[in-house]
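As a plain string of letters, each chain reads:
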Amino acid sequence: MTYTEKEARDLVIRAGHQLLSCGLTARTWGNISARISSTHFVITPSGLPYDTLQPEQLVRVRISDCSYEGSLKPSSEKGIHASAYRHRPDAGFILHTHQEYASCVSVGAKALTDLDDGVLGNCVPCAAYGMPSTKKLQRSVDAVMVKHPMCNAILMQNHGALCIGRDYDRTFELAQALEDVSRAAFENLVTLPEASSAEKHQLLEQLRSTGTSRHFALESDDAVQALAARGKTLHPHLDDLAQIAGVTVRCAKNDAVAAAKALRGRNAVLIPGIGAICCANDESDLDAIAAIIRKGCKAALYAVACGTAPLGRIDRAIMRLVYTKKYAKKKNGT
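Calculation rules
Residues numbered from 1 in each chain as written. Predicted model: local features only at pLDDT ≥ 70, side-chain atom pairs only at ≥ 80, totals over all residues. Heavy atoms only, no water. Buried < 20%, exposed > 50% of the residue type's maximum accessible area, 1.4 Å probe, protein only. Helix = DSSP H or I, 4+ residues; strand = E, 2+ residues; numbered from the N terminus. Pairing = 2+ DSSP bridges. Contact = heavy atoms within 4.5 Å. Expected span 1.5 Å × (residues − 1). Salt bridge = Lys/Arg side-chain N within 4 Å of Asp/Glu carboxyl O. Core = buried A, V, L, I, M, F, W, Y, C linked by side-chain atoms within 4.5 Å.

Taking every second residue as pointing to the same face, both faces of strand β9 (residues 268–271) are buried, with Ala268 and Leu270 on one and Val269 and Ile271 on the other. Pairing of β9 with strand β10 (residues 275–280) involves 4 bridges; the strand directions are antiparallel. Following the sheet pairing, Leu270 is matched in β10 by Ala276. Hairpin geometry of β9 and β10 is characterised by an intervening segment of 3 residues between the two adjacent antiparallel strands and by a positive phi of about 85 degrees at Gly273.

If you want it as structure tokens, here you go:
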């Protein structure tokens, strides 16, 4: 399907709000596009939040070479969208999401098969890992589209998912169906124990009283508590966890001094019997960090069940460095 440019811009803005409201993304994670002709599409710009995004801020991109118009930069994943529109002439709308359960099962590094799903069909293939915004990732997704021309949902290993639909409604159906089958796949392999209801707020108050300017919040999701109970450092399996939380997420005892030490250079620490303490320089960032910790812990538990390894340390370090430098720049308005 091809939209008029006004229709496409309005629908992409609407999609951003819908992704947030239905829990399929958070903050600026992922990207959205719509086809406006046989040669162009409009896509979300890099780094701007969906809840305040305006139609005129979307970027018009040429399918053939990813050249674009205007002063705003398009999403760094524009090449994946362009490739999808080339391979799928009937595609009119694309969602690249970091949705929770699809991201979790992507760390298994294999397709979801034997689905018999009315929306997804029988299979959701998995593209091999590539660091975000790289040609390697684009080539991996491109290879899957060539090999599986009938599949309109693709897992992106250690990263997220791509849904390619003929129009807005169909693409959201794909995203929701993918989340449903991914959750079923997760629950088939991982059984979470009931979370502890022990008192957890004393440590938070101790951290807040240390005089630091950082803000702290508790995350006690059952998956977070289950992973914290292992008493081990978490080596991220998802790239956005490495970016947002740290190269590792350390595990510390229930003590303010130990927790503060473990948080140096990081935005979360695991505490057995509690879950995780999230911290940020800006209170508005705490919800995003908590969301990625929940997802990252589920992904780690799924990886244990599958026997897959975390991301390499060098990749994690590069992603953390790029993210912190880029995010700090945006925060300062430079």
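Attention now goes to the side chain of Ser140. Positionally, Ser140 belongs in helix α4 (residues 135–147). By relative accessible area, which is 13% here, Ser140 ends up buried. With sequence-adjacent residues up to four places away left out, Ser140 is seen in contact with Ala127, Ala128 and Tyr129.

Take helix α1 (residues 5–21) next. Here α1 spans 24 Å end to end across 17 residues, near enough to the 24 Å set by a 1.5 Å rise per residue. Lining the buried residues of α1 we find β1 (31–35), β2 (40–43), β3 (59–62), β4 (93–97) and α5 (168–189). In the segment just after α1, Gly23 is the residue with positive phi, at about 75 degrees.

Our next topic: the pattern of salt bridges. One pass over the full model with this rule turns up 11 salt bridges. For Arg60, the salt bridge is made with Glu5, and the minimal N-O distance between the two is 3.1 Å. Linking Arg60 in strand β3 with Glu5 in helix α1, this pair joins segments that are 55 residues apart in sequence.

Of all hydrophobic cores here, the largest spans 70 residues; its most connected members are Phe93, Leu95, Leu178, Leu270 and Ile293. Of the residues forming this core, the biggest block, 12 residues, is contributed by helix α10 (residues 286–306). One finds Ile43, Ile80, Ala82 and Met145 within the second-largest nonpolar core, a separate group that totals 21 residues.

Scope: geometric values only; no functional claims are made or implied.
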